[in-house]
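The primary structure of each chain is shown beneath.
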Amino acid sequence: MRKLIGTLVIIITLYSACKPNGPATLPILGNRQPVIKTVNGKTVTDTVYSTIPDFKFVNQYADTITGKSLNGKIYVADFFFTTCPSICPVMHRNMLNVYKEFKADDNFRIISHTIDPKYDTVPVLKKYADKMGISGNTWWLLHGTKDETYQIAKNYLVSVQEKNPQGEYIHDGYFILVDKQKRLRGTYDGTDPAEITKLIADIKTLKAEPDEVVAK
Amino acid sequence: MRSGFIISIGLLLVALIASCQSDEQVEFNRYYSGGSVLYLAHCQNCHGEKGEGLQALIPPLTDSTYLKKNKASLACYLKNGLKGQITIAGRTFEGEMPVSDLSPLEMAKVLTYVTNSFGNKAGVVNLQQVQVDLQKCR
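Anyway, here's the lowdown on the structure attached to this text. From a predicted model like this one, the values you see are computed outputs, not experimental measurements. (Residues numbered from 1 in each chain as written. Chains lettered and ligands numbered in written order. Predicted model: local features only at pLDDT ≥ 70, side-chain atom pairs only at ≥ 80, totals over all residues. Heavy atoms only, no water.)

**Observations regarding the state of the cysteines**
Linking two cysteines covalently via their sulfur atoms produces the bond known as a disulfide.
Consideration 1: Scanning the model with the defined rule gives two disulfides over all chains in all.
Consideration 2: In this model, A:Cys84 is linked to A:Cys88 through a disulfide, with the two sulfur atoms separated by 2.4 Å. Looking along the S-S bond of the A:Cys84-A:Cys88 disulfide, the torsion reads about 90 degrees, which is the right-handed sense.
Consideration 3: A residue is classified by how much of its surface remains accessible, and A:Cys84, at 6% relative accessible area, is buried.
Consideration 4: The disulfide partner of B:Cys76 is B:Cys137, and the gap between their sulfur atoms is 2.0 Å. Because the sign of the S-S torsion sets the handedness, a value of about -100 degrees for the bond joining B:Cys76 and B:Cys137 places this disulfide among the left-handed ones. Residue B:Cys76 is located in helix H5 (residues 74-80), and its partner B:Cys137 is located in the segment after helix H7 (127-135); the two are separated by 61 residues in the primary sequence. Per residue, the accessibility class of B:Cys76 equals that of B:Cys137, and both read buried. (Disulfide = S-S within 2.5 Å. Buried < 20%, exposed > 50% of the residue type's maximum accessible area, 1.4 Å probe, protein only. Helix = DSSP H or I, 4+ residues; strand = E, 2+ residues; numbered from the N terminus.)

**Brief notes about the packing of helix H2 (residues 88-102) of chain A against helix H5 (residues 193-208) of chain A**
Residues and elements named next belong to chain A.
Consideration 1: The geometry of H2 relative to H5 is characterised by a closest axis approach of 9 Å and an angle of 30 degrees between their N-to-C directions. As the angle between them shows, H2 and H5 are arranged roughly parallel. As for how H2 packs across H5, the hand of that crossing is right-handed. Between H2 and H5, the residues in contact are Asn94, Asn97, Val98, Glu101 and Phe102 and Pro193, Ile196, Leu199, Ile200, Ile203, Lys204 and Lys207, respectively.
Consideration 2: Taken together, the residues of the contact of H2 with H5 break down into seven nonpolar, two polar and three charged. (Axes fitted to C-alpha atoms, helices over the stretch in contact; angles between N-to-C directions. Parallel < 35°, antiparallel > 145°, perpendicular 65-115°, else oblique. Left-handed = near helix turned anticlockwise from the far one by under 90°. Contact = heavy atoms within 4.5 Å. Nonpolar A, V, L, I, M, F, W, Y, C, P; charged D, E, K, R; others polar.)

**Things to note about the layout of surface pockets**
Space left empty within the atom packing is revealed by a probe, the size of a water molecule, rolled over the atoms.
Consideration 1: A volume near 320 Å³ is recorded for the second largest pocket.
Consideration 2: Lining the second largest pocket we find 18 residues, and of these A:Val90, A:Arg93, A:Asn94, B:Glu49 and B:Glu52 sit closest to its centre.
Consideration 3: Every element with two or more residues in the lining of the second largest pocket is listed here: H2 of chain A together with helix H3 (44-47) of chain B.
Consideration 4: Among the elements that make up the lining of the second largest pocket, the one with the highest residue count is H2(A) (six residues).
Consideration 5: For the lining of the second largest pocket, the residue count by class is five nonpolar, eight polar and five charged. (1 Å grid on protein atoms, 1.4 Å probe; cavity = no way out; pocket = protein on both sides within 12 Å on 5 of 7 lines; lining within 4 Å. Points joined across faces, edges and corners; volume = space filled by probe spheres on them.)

**Side note on the interface of chain A and chain B**
How big an interface is tends to be stated in terms of the accessible area lost upon association of its parts.
Consideration 1: Facing the twelve residues of chain A at the interface are 14 residues of chain B.
Consideration 2: Together, the buried faces of chain A and chain B total about 1,100 Å²; carbon and sulfur atoms form 58% of this surface.
Consideration 3: Contact with chain B buries area across many residues of chain A, yet A:Pro89, A:Arg93 and A:Lys131 alone supply 55% of it, more than any other trio.
Consideration 4: Our count for the contact surface shared by chain A and chain B stands at three salt bridges.
Consideration 5: For the salt bridge of B:Glu52 with A:Arg93, the shortest nitrogen-to-oxygen distance reads 3.7 Å.
Consideration 6: Counting every contact that joins chain A to chain B gives eight residue pairs in polar contact (both at pLDDT 80 or more). (Buried area = accessible area lost by both parts, 1.4 Å probe. Salt bridge = Lys/Arg side-chain N within 4 Å of Asp/Glu carboxyl O. Polar contact = N/O pair within 3.5 Å; in protein donor to acceptor, adjacent residues only side chain to side chain.)

**Some points on the pattern of salt bridges**
Residue and element names in this part refer to chain A.
Consideration 1: Applying the stated criterion across every chain, the model contains 14 salt bridges over all chains.
Consideration 2: For Asp106, the salt bridge is made with Lys73, and the minimal N-O distance between the two is 3.9 Å. Taken together, the positions of Asp106 in the loop between H2 and strand S6 (108-114) and Lys73 in the loop between strand S4 (64-66) and strand S5 (74-80) put the pair 33 residues apart, joining distant regions of the chain.
Consideration 3: On the basis of relative accessibility, which here comes to 11%, the residue Lys73 falls in the buried class.

Structure (structure tokens):
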């Protein structure tokens with residue numbers, strides 16, 4: 001009898017471990033700090049996650065885009081330049097699928113920072129957008145000074161560098177998913193179609209997270 | 001013993017039939033398979049896995065008429081890059097294709113691959129042809 005009860009307990013424990021615990025969520029990336037606060041006279045420990053600081057860039061329509069422009073929006077960021085002969089075409093061929101999937105959603109944006117602001121002026125970015133067949137405000141191509149762009153890249157944990165001896169810019173092809181609280185929620189290799197399928201699925205998961213649904 | 005004999009006769013027949021491929025076919029296969037590897041490394045990022053190009057930015061490689069008309073210039077496009085306005089499949093493109101560092105043999109292989117993939121069927125582009133074409137680059 002005792003043996004039977006023991007077996008039952010084990011089975012129940014195993015079964016409950018298998019139950020899905022609530023809706024799926026994405027991890028929060030980047031540095032985090034515990035902050036001790038006093039709420040209603042009680043001491044509680046809260047976690048503060050690293051977020052994308054405010055910025056100011058200009059998009060392909062010559063509109064000023066700041067952190068505020070992305071309030072209440074989930075967005076994907078990447079770094080590119082229009083004359084890039086290596087990984088950019090494949091990155092943006094893939095990004096185009098993300099664009100098509102979410103272009104009807106006004107609470108979603110894609111921002112692509114040029115790392116070659118000298119050549120990629122606003123009219124050059126507009127022409128690139130036209131040729132890519134992107135219109136409206138879903139996908140912004142952002143122009144800023146080299147310092148500002150390289151500085152913001154660090155916040156996305158993306159590496160961009162000055163030209164190498166062959167005269168090529170070095171940058172990695174990552175797409176970064178950012179939530180409405182401006183926290184990093186995922187990084188994806190923009191050159192890999194399988195990672196883009198995951199990115200699209202993750203954006204849908206993120207949009208459904210309770211914190212994201214209520215965030216303005 | 002008897003079945004072993006029959007199997008060896010069968011194998012011999014298969015080997016004979018396989019070796020019946022013409023020299024041209026062997027040459028084509030050699031260029032084409034080498035070209036597919038080179039395409040992946042040097043061309044696919046821009047022109048795409050299926051030669052589809054990228055929107056209005058990068059032309060597709062599916063316009064057989066254009067490839068046929070400019071067949072003798074294709075090696076030069078690889079060697080010197082391609083700049084200025086071109087019309088492909090009825091659409092205008094004006095970007096710039098960078099210079100490639102392919103050897104003449106590699107050019108022959110990749111051109112054989114491109115002109116016989118994506119719906120194109122132009123036959124082999126061999127090393128001799130590429131060398132002749134390169135002489136005439138402007």
